[in-house]
Amino acid sequence: MITDNDGAYVNRPLFALPVPHTWRYSPSATLLGDAAHLMPPLGADVNLAMLDASELALAIVGHATTGEAVRSYEATMLPRANAIAARLKHGLDHMLAVPDRPVRQPS
Ligand SMILES: Cc1cc2nc3c(=O)[nH]c(=O)nc-3n(C[C@H](O)[C@H](O)[C@H](O)COP(=O)(O)OP(=O)(O)OC[C@H]3O[C@@H](n4cnc5c(N)ncnc54)[C@H](O)[C@@H]3O)c2cc1C
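Each value, and the rule that gives it
Residues numbered from 1 in each chain as written. Predicted model: local features only at pLDDT ≥ 70, side-chain atom pairs only at ≥ 80, totals over all residues. Heavy atoms only, no water. Helix = DSSP H or I, 4+ residues; strand = E, 2+ residues; numbered from the N terminus. Buried < 20%, exposed > 50% of the residue type's maximum accessible area, 1.4 Å probe, protein only. Contact = heavy atoms within 4.5 Å. Areas by Shrake-Rupley, 256 points an atom, 1.4 Å probe, with all protein chains shown as cover. Lys, Arg positive; Asp, Glu negative; His and termini not counted. Charge placed at Lys NZ, Arg CZ, Asp CG, Glu CD. Near = heavy atom within 4 Å. Polar contact = N/O pair within 3.5 Å; in protein donor to acceptor, adjacent residues only side chain to side chain. Nonpolar A, V, L, I, M, F, W, Y, C, P; charged D, E, K, R; others polar. Expected span 1.5 Å × (residues − 1). Arc of directions from axis to C-beta.

Undergrad: Any chance you could explain the overall build of the protein chain here in plain terms?
TA: Across its full length, the protein chain holds three helices and zero strands. Taken over the C-alpha atoms alone, the protein chain extends approximately 65 × 30 × 25 Å along its principal axes. Residues counted as buried form 23% of the 107 residues belonging to the protein chain. Counting only contacts in the protein chain whose residues sit at least 6 apart along the sequence, the fraction spanning at least 24 positions is 65%. Element-wise, carbon and sulfur atoms account for 62% of the exposed surface of the protein chain, whose accessible area totals about 8,100 Å². Across the protein chain, the 8 positively charged side chains and the 10 negatively charged ones have centroids separated by 7 Å.

Here it is as structure tokens:
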């Protein structure tokens, strides 16, 4: 695939936030989606972003102040995101690992 493609090899690195990741609570600001938990692209990404948005919206309408809403939202979102990010980091490490023994060739 690399030698037969249409042009030169282009390095497109993957970025992810550290695991676990958090920030100091602020009653007037929070993060969601990739800004809150950019993680290896193994299928959770946009689903989590939409879930965050939905839960933050529900928290805002369900609490008297934005500070309470942010605290409630982050209490659910941060542990969930960190748990999933840890699993995906492990998955990415496994996918990109150099085998520690020779790969068997098909006979
Ligand atoms: C190539 C690629 C393939 C992907 N494939 C998949 C997939 O198959 N399945 C999956 O689940 N996820 C996939 N993802 C990940 C998914 O796209 C993201 O997880 C998701 O879009 C995150 O949504 P978000 O709203 O948090 O951020 P984004 O979609 O990045 O939205 C952030 C928005 O903020 C805007 N913005 C940034 N800075 C400012 C500023 N200062 N002022 C105003 N606006 C600003 C940006 O222009 C952007 O529109 C893929 C991502 C990439 C790059």
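Undergrad: How should I be thinking about the site of the ligand in this particular structure?
TA: Taken together, G33, D34, D45, V46 and A49 are the residues near the ligand. For the ligand, an oxygen atom lies 2.8 Å from a polar atom in the side chain of D34. The separation between an oxygen atom of the ligand and a polar main-chain atom of V46 is 3.0 Å. Relative to its unbound accessible area of 990 Å², the ligand is 23% covered by the protein chains. Per-element accounting of the shell around the ligand gives the leading share, three residues, to helix α2 (residues 45–62). Of the residues contributing to the shell around the ligand, the split by class is two nonpolar, one polar and two charged.

Undergrad: What am I meant to see in α2 here?
TA: Spacing of three or four residues puts side chains on the same side of an α-helix, whose turn is 3.6 residues. Over its 18 residues, α2 runs 26 Å from end to end, which matches the ideal 26 Å to within 8%, given 1.5 Å per residue. All of the buried residues along α2 are L48, D52, L56 and A59. Along the axis of α2, the buried residues cluster in a sector spanning 70°; they form a single face. Turned more than 90 degrees away from the buried face of α2, the exposed residues are V46, M50, L58, V61 and G62.

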